Amino acid sequence: MADRQAIVAKDQLAALAQALKSLHRALAERVRRDAEAREQTVIMPGQWLSRLTGDAQFAWLRSLSELMVDLDVFLDADPAPAADDMAAIRAEVERTIAPSTVSGTESDFSRHYWHYVHEEPNVGAIHGELRRALDRLPEPADVDETDALHERHKWTAARRQRK
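These remarks concern the structure in this document. (Residues numbered from 1 in each chain as written. Predicted model: local features only at pLDDT ≥ 70, side-chain atom pairs only at ≥ 80, totals over all residues. Heavy atoms only, no water.)

### A closer look at the pattern of salt bridges
Using the criterion set out here, one finds 13 salt bridges in the structure. Residue arginine 95 pairs with glutamate 92 through a salt bridge whose shortest N-O separation is 2.8 Å. Within this pair, arginine 95 and its partner glutamate 92 are both found in helix 4 (residues 83–97), separated by 3 residues, close to a single helical turn. For arginine 95, a relative accessible area of 36% corresponds to the partly exposed category. Across the pair arginine 111 and aspartate 108 runs a salt bridge whose closest N-O atoms are separated by 2.4 Å. (Salt bridge = Lys/Arg side-chain N within 4 Å of Asp/Glu carboxyl O. Helix = DSSP H or I, 4+ residues; strand = E, 2+ residues; numbered from the N terminus. Buried < 20%, exposed > 50% of the residue type's maximum accessible area, 1.4 Å probe, protein only.)

### What about the packing of aromatic side chains?
Taken as a whole and judged by the stated rule, the model has 5 aromatic pairs. For the ring pair tryptophan 48 and phenylalanine 58, a centre distance of 5.1 Å and an interplane angle of 70 degrees mean the geometry is edge-to-face. Taken as a pair, tryptophan 48 in helix 2 (residues 45–54) and phenylalanine 58 in the loop between helix 2 and helix 3 (59–77) lie far apart in primary sequence, 10 residues in all. Where phenylalanine 109 meets tyrosine 113, the ring centres are 5.4 Å apart and the plane angle is 15 degrees; that geometry is what we call stacked. Residue phenylalanine 109 and its partner tyrosine 113 are located together in helix 5 (residues 108–119), separated by 4 residues, close to a single helical turn. For the pair phenylalanine 109 and tyrosine 113, one class covers both residues: buried. Through a chain of ring-to-ring contacts, three or more aromatic side chains come together here, namely Trp60, Phe109, Tyr113, Trp114 and Tyr116. (Phe/Tyr/Trp six-rings, centres within 6.5 Å; stacked < 30°, edge-to-face > 60°.)

### Observations concerning the side chain of threonine 96
Relative to the assigned elements, threonine 96 resides in helix 4. Side-chain polar atoms of threonine 96 contact the backbone oxygen of glutamate 92, separated by 2.8 Å. Setting aside its immediate chain neighbours within four residues, threonine 96 contacts Leu67, Ser107, Phe109 and Ser110. (Polar contact = N/O pair within 3.5 Å; in protein donor to acceptor, adjacent residues only side chain to side chain. Contact = heavy atoms within 4.5 Å.)

### With respect to the nonpolar core
Residues Leu16, Leu27, Tyr113 and Leu130 are the most contacted members of the largest nonpolar core, which totals 39 residues. For this core, the elements supplying multiple residues, two or more each, are helix 1 (2–39), helix 2, helix 3, helix 4, helix 5 and helix 6 (121–135). Considering every element that reaches this core, the biggest residue donor is helix 1, with 12 residues. (Core = buried A, V, L, I, M, F, W, Y, C linked by side-chain atoms within 4.5 Å.)

And the structure:
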């Protein structure tokens, strides 16, 4: 029974990881189109990758990239995630994508993200896919921000150890 639960948990986290990758791809494509229109030029793939990973203008999108890498490391490092681990992951993703309840206090990622959720149909559709993947994970029970940051730190430490 425990093996079956571990398989289900891994599948649920893998679905979340795939939704995050789809979201990242859709956001990056839309941001690239916006940059090309604004600059009235075609950005070559190598140049785009360089800008996406190093240009301060796109730092907001790197927070999603880092979350994806951390989740992938967690999936590789922990073959049988516990329910509290899964709830912490859900809380971290939800914290990352959540709109601010107070206007003007949203994170840089959230501000850009919600703009594209409303403006880009593909991003909106993928948001629904992401929401469904999150809803399959255990709900966080009063996850403390400090606890969520601690969990994220553990994922990052695991990633560093694998290098």
